[in-house]
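So you can see what is in the structure, the chains are spelled out below.
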Amino acid sequence: MSLYVVLAGDHVRLQESVFAPAGTAPRGAIPATALRDADPTAVPPEIRTLSGDTVFVSAVQRGELERFCAANGVPLRVRPDVWGDLLEYFLDTGFTPGARAATQARLSLVGLGEGEVAGIRHEVAPLMHAYNGLHQDWYHLGLADLLDAAAADRTPGHLRIPPAERAAFCAWAMGIADLGHAQRG
């Protein structure tokens, strides 16, 4: 239950969400003028709002996202996949010393030292172990997966983020996802 959107003319409309991004209109619409940039190459493709929130587009709509952005003047920008790097640790594959070093090098570029990385991973470990215990993903886990794990019915109830705490959790996760934006301008 992440933040997936439908592209429509000059706005995006939330399709399904338990997290409401800042600046969302009452009916779940976000105008194109409130979008900072988009990354059609992300997994899944992402749109970032001016307030720093991330919403997702289905991968089958990658081309449609590019056309939407061109029509509405939304810049395309490949961003660092901070959560992809943080959650690589939880994939159903081996995390070799070489892969660990390369991942830490990328995270260092966005300002996350080894201690901070360990702390973030510790914070989300129970949630991600339970989530990937069901999915057994060996390719990619990212922000969309983290938000899904935080609220999905299939995540054990004692591990889900309580509804009253979801906005704060979402803001924390999206703040981390936005690291590196200032360095890339």
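Residues numbered from 1 in each chain as written. Predicted model: local features only at pLDDT ≥ 70, side-chain atom pairs only at ≥ 80, totals over all residues. Heavy atoms only, no water.

Chemist: In this structure, what is going on with the environment of Asp 37? I would like to understand it.
Modeler: If you trace the backbone, Asp 37 turns up in strand β4 (residues 35-39). Here Asp 37 falls in the buried class, since its relative accessible area comes to 0%. With 37 residues separating them in the primary sequence, Asp 37 and Val 74 have C-alpha atoms 5.4 Å apart. A polar side-chain atom of Asp 37 sits 3.1 Å from a polar atom in the side chain of Arg 77. (Helix = DSSP H or I, 4+ residues; strand = E, 2+ residues; numbered from the N terminus. Buried < 20%, exposed > 50% of the residue type's maximum accessible area, 1.4 Å probe, protein only. Polar contact = N/O pair within 3.5 Å; in protein donor to acceptor, adjacent residues only side chain to side chain.)

Chemist: I'm lost on the pattern of salt bridges in this one. Help?
Modeler: Pairing is possible between side chains that carry opposite charge, provided their charged atoms lie close to one another. Counting across every chain of the model gives 10 salt bridges. Across the salt bridge formed by Arg 79 and Asp 37, the nearest N and O atoms sit 2.1 Å from each other. With Arg 79 in the loop between α1 (62-72) and α2 (82-87) and Asp 37 in strand β4, this residue pair connects regions lying 42 residues apart in the sequence. Note that Arg 48 is salt-bridged to Glu 46, the shortest N-O span being 3.6 Å. Its relative accessible area of 1% is what places Arg 48 among the buried residues. The class of Glu 46 is buried, set by a relative accessible area of 11%. Taken together, the shared-partner salt bridges in this structure form one network comprising Arg 36, Asp 37, Glu 46, Arg 48, Arg 77, Arg 79 and Asp 178. (Salt bridge = Lys/Arg side-chain N within 4 Å of Asp/Glu carboxyl O.)

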